[in-house]
Amino acid sequence: MKMSLQALIFDVDGTLADTERDGHRVAFNQAFADAGLDWHWDVATYGKLLAVTGGKERMKYYVEQFRPDYQKPADFEEMVVALHAAKTDHYTALMQEARIPLRPGVERLLREAREAGLRLAIATTTTPANVSALLASTLGQEGESWFEVIGAGDIVPAKKPAPDIYDYVLGQMKLGPSACIAFEDSENGILSSRGAGLQTVVTVNDYTRDHDFTGATIVLDTLGEPDLPSTVLQGGGINGNTYVNLAVLHRLYASA
Ligand code: XBP
Ligand code: MG
């Protein structure tokens, strides 16, 4: 018989909160302006740049693919690192203004999981300071302690879609993938979680709605709330429930 569900592992950007368009993108642009660069990422361009995870990697991809005119200085690598540090400062400052809420159902499900004794973790490509800032601004100073492991940023060299960050988190928790459910919002995210062997629940957002979610256990618009029903976009449904709660997760887990 299959073991019981032990842990939930969450992606951050796009999954816990819609941080990309109004958080990361804005912070990148602020860092570019500070440095006197004529780089500006509008909402549509940023959607294309999300093909590459990791802020430093994304800046290099932008220069390679979108700015053939740009003459790289000899210290380009150092410049990217410095730009990224400035971007992180801007992003964490934006989070302190608490302008980006958690997505529907996220806090409810986290609280329900904690009460039931499920273990919680995070697997993300974003910088650790960004995770801390988001959790503090949304769940309060205690929020970060809800997560037993926070796998983030450069802790693994190969970012999503590589499975490495999920492998890292599972290793830290001493759990096999079959004991957990991952939560993702993007194609790079599900390639990573499925690559690590994890059953995956997907909640889409405006940037990821048309991504390929092959292998997802279920794809929804949001986790939903009692007064905000979620819509199932792909997969078996949530058995008469109007939002994703722990009972739904246990059923999805058992039937996979
Ligand atoms: C998130 C990312 C990150 C953030 C920016 O992807 O790709 O790069 O956009 O964060 P996922 P940094 O949700 O799949 O983890 O600038 O700190 O890298
Ligand atoms: Mg994501």
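Worth saying up front: this structure is predicted, and the values here are computed from it rather than measured.

Reading guide: rules and limits
- Residues numbered from 1 in each chain as written.
- Chains lettered and ligands numbered in written order.
- Predicted model: local features only at pLDDT ≥ 70, side-chain atom pairs only at ≥ 80, totals over all residues.
- Heavy atoms only, no water.
- Buried < 20%, exposed > 50% of the residue type's maximum accessible area, 1.4 Å probe, protein only.
- Helix = DSSP H or I, 4+ residues; strand = E, 2+ residues; numbered from the N terminus.
- Arc of directions from axis to C-beta.
- Contact = heavy atoms within 4.5 Å.
- Donors = N, O, S within 2.8 Å, 3.2 Å for Na, K, Ca; no water.
- Near = heavy atom within 4 Å.
- Polar contact = N/O pair within 3.5 Å; in protein donor to acceptor, adjacent residues only side chain to side chain.
- Areas by Shrake-Rupley, 256 points an atom, 1.4 Å probe, with all protein chains shown as cover.
- Nonpolar A, V, L, I, M, F, W, Y, C, P; charged D, E, K, R; others polar.
- Phe/Tyr/Trp six-rings, centres within 6.5 Å; stacked < 30°, edge-to-face > 60°.
- Lys NZ or Arg CZ within 6 Å of the ring centre and 35° of its normal.
- Axes fitted to C-alpha atoms, helices over the stretch in contact; angles between N-to-C directions.
- Parallel < 35°, antiparallel > 145°, perpendicular 65-115°, else oblique.
- Left-handed = near helix turned anticlockwise from the far one by under 90°.
- Salt bridge = Lys/Arg side-chain N within 4 Å of Asp/Glu carboxyl O.

Visitor: Would you mind showing me how to read helix α7 (residues 164-173) here?
Guide: Spacing of three or four residues puts side chains on the same side of an α-helix, whose turn is 3.6 residues. What α7 keeps buried is the set Ile165, Tyr166, Val169, Leu170 and Met173. Seen from one end, α7 has its buried residues packed into an arc of 135°, which puts them on one side. On its buried face, α7 sits against β1 (7-10), β2 (119-123), β3 (149-151), β4 (180-184) and α8 (187-195). Just downstream of α7 lies lysine 174, where phi reads positive at about 55°.

Visitor: What should I look at first to understand the coordination of the magnesium ion (ligand 2) in this one?
Guide: Around a metal, the ideal angle is 109.5 degrees if four donors adopt a tetrahedral arrangement and 90 or 180 degrees if six donors adopt an octahedral arrangement. With distances of 2.1 to 2.2 Å, the protein atoms coordinating the magnesium ion (ligand 2) are Asp11 (OD), Asp13 (O) and Asp185 (OD). Read in sequence order, the donor residues for the magnesium ion (ligand 2) give the motif D-x1-D-x171-D. One end of the pair, aspartate 13, is in the loop between β1 and α1 (20-34); the other, aspartate 185, is in the loop between β4 and α8, and 172 residues separate them in sequence. Here the two residues aspartate 13 and aspartate 185 agree in accessibility, since each one is buried.

Visitor: Could you clarify how one ought to interpret the site of ligand 1 in this entry?
Guide: Surrounding ligand 1, one finds 18 residues, the nearest of these being Gly55, Arg58, Lys87, Thr126 and Thr127. With respect to ligand 1, the side chain of histidine 84 contributes an N or O atom lying 2.7 Å from an oxygen atom. Threonine 125 is positioned with one of its backbone polar atoms (N or O) 2.9 Å from an oxygen atom of ligand 1. When the free accessible area of ligand 1 is taken as 450 Å², the share hidden by the protein chains comes to 97%. Mapped by element, the contributors of at least two residues to the shell around ligand 1 are α1, α3 (55-66) and α4 (76-96). Top contributing element to the shell around ligand 1 by residue count: α1, with 3 residues. A breakdown of the residues in the shell around ligand 1 according to their chemical character gives 2 nonpolar, 10 polar and 6 charged.

Visitor: Can you help me understand the packing of aromatic side chains in this one?
Guide: What describes a pair of aromatic rings is the distance from one ring centre to the other and the angle between the planes of the rings. Evaluation of the coordinates by the stated rule reveals 14 aromatic pairs. Among the aromatic residues, those joined into a cluster by ring pairs are Phe28, Phe32, Trp39, Trp41, Tyr46, Tyr61, Tyr62, Phe66, Tyr70, Phe76 and Tyr207. The residue whose ring lies beneath lysine 87 is phenylalanine 28, and the NZ or CZ to ring-centre distance is 4.5 Å.

Visitor: Quick question: what am I supposed to make of the packing of α3 against α4 here?
Guide: Axes are the key here: two packed helices are described by the angle between their axes and the distance separating the axes. Running from amino to carboxyl end, α3 crosses α4 at an angle of 125°, the nearest separation of the two axes being 9 Å. Overall, the two elements α3 and α4 adopt an arrangement that is oblique. Here α3 and α4 pass one another in a crossing that is right-handed. When α3 is examined against α4, the residues Gly55, Lys56, Met59, Lys60 and Val63 are found in contact with a partner set consisting of Phe76, Glu77, Val80, Val81, Leu83 and His84. Looking at the contact of α3 with α4 residue by residue, the classes come out as 6 nonpolar, 2 polar and 3 charged.

Visitor: Would you explain the pattern of salt bridges in this entry?
Guide: Pairing between side chains of opposite charge can happen when the charged atoms of each approach one another. Following the criterion strictly, the structure yields 17 salt bridges and no others. Salt-bridge contacts for glutamate 57 lead to lysine 159; the nearest nitrogen and oxygen are separated by 3.2 Å. Here the residue glutamate 57 occupies a position in helix α3, and lysine 159 occupies one in the loop between β3 and α7, the gap between them amounting to 102 residues. With relative accessibility at 28%, the residue glutamate 57 sits in the partly exposed group. For lysine 159, a relative accessible area of 12% gives the class buried. In the salt-bridge network here, residues are joined through shared partners; they are Lys56, Glu57, Asp154 and Lys159.

Everything listed here is a matter of geometry and, on its own, says nothing about what the molecule does.
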